[in-house]
Amino acid sequence: MAIEIVEGDITAQQVDVIVNAANSSLLGGGGVDGAIHRRGGPEILADCRKLRAGHYGRGLKVGQAVATTAGRLPARWVVHTVGPVWSSSEDRSSLLADCHRNSLRVAASLGAVSVAFPAVSTGIYRWPLESAAEIALSTVAEELADSSVEMVRFVLFGQQAYDVFRAASSA
Ligand code: APR
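Residues numbered from 1 in each chain as written. Predicted model: local features only at pLDDT ≥ 70, side-chain atom pairs only at ≥ 80, totals over all residues. Heavy atoms only, no water.

1. With respect to helix H5 (residues 159-169)
By the burial criterion, the buried members of H5 are Ala161, Tyr162, Val164 and Phe165. On an axial view of H5, the arc spanned by its buried residues comes to 165 degrees, and they lie on one face. Buried residues belonging to H5 abut strand S1 (2-7), helix H4 (129-144) and strand S6 (151-156). (Buried < 20%, exposed > 50% of the residue type's maximum accessible area, 1.4 Å probe, protein only. Helix = DSSP H or I, 4+ residues; strand = E, 2+ residues; numbered from the N terminus. Arc of directions from axis to C-beta. Contact = heavy atoms within 4.5 Å.)

Right, here's the structure in full:
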């Protein structure tokens, strides 16, 4: 069981699963969602459209996770999860934890042994990095204790996010 923390671009990670911070539509967006679709190519969106035409007709719920092809990315699958939007009045921590738990469970069900996560919800959804790091790291550590996934890599975009996750991991 290994948890790595690196600074870089998640779309370049050579792992079995790259986790996408998607939105409920599953039809792309900005941030890491945009980067994954741009670099992964149209096959990812085509798979997402199939999901929307089938079981996910109403979109993916916050905290849930679903897999598609990784297209041209150096991974086998993309696991899309929808993070909660930050709220100062409502505690949505359990939903952010669900994103990580469910993404790992979907990855394990595929037979993946290595998974890369971005800092879900900390961009457009405005979740404070410190809080997100605590929730992400603790949930992943707990889930890895009895998962067939062997390695999780948090890939942080920029020095600040990297520093926050590093600090949280040694807290
Ligand atoms: N590699 C790794 N991390 C990245 C990359 C990348 N290439 N690009 C952005 N990030 C980081 C951001 O810096 C942020 O720390 O991913 C984290 C998540 O930010 P967002 O991508 O904005 O995702 P989120 O805050 O969960 O908001 C989701 O944004 O892109 C849309 O369609 C998406 O509507 C959804 C919303």
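2. What about unusual backbone geometry?
Unlike most non-glycine residues, Leu26 shows phi in positive territory, near 65 degrees. Here Leu26 shows up in the loop between strand S2 (17-22) and helix H1 (31-40). One non-glycine residue with positive phi stands out, namely Arg126, at about 65 degrees. Note on placement: Arg126 falls in the loop between strand S5 (114-117) and H4.

3. Side note on H4
Taking 1.5 Å per residue as the helical rise, H4 with its 16 residues ought to reach 22 Å, and the 22 Å between its terminal C-alpha atoms agrees with that figure. Regarding H4, the residues found buried are Leu129, Ala132, Ala133, Ile135, Ala136, Leu137, Thr139, Val140, Glu143 and Leu144. Where H4 is buried, its residues contact S1, helix H3 (93-110), S5, S6 and H5. (Expected span 1.5 Å × (residues − 1).)

4. Digging into the sheet that holds strand S3 (residues 65-69)
Spatially, six strands are ordered S1-S6-S5-S2-S4-S3 in an open sheet, and the strand pairing comes out mixed. Only two strands of the sheet have a single partner each, and these edge strands are S1 and S3. Pairs of neighbouring strands in the sheet enclose a mean axial angle of 25 degrees, with direction left out of account. In terms of strand pairing, S3 meets strand S4 (residues 77-82) through five bridges, oriented antiparallel. The residue bridging Val66 from the neighbouring strand is His80, located in S4. Sitting on the sheet, H3 touches S2, S3, S4, S5 and S6, and the angle it makes with S4 is about 155 degrees. (Pairing = 2+ DSSP bridges. Axes fitted to C-alpha atoms, helices over the stretch in contact; angles between N-to-C directions.)

As far as function goes, none of this settles anything; it's purely spatial.
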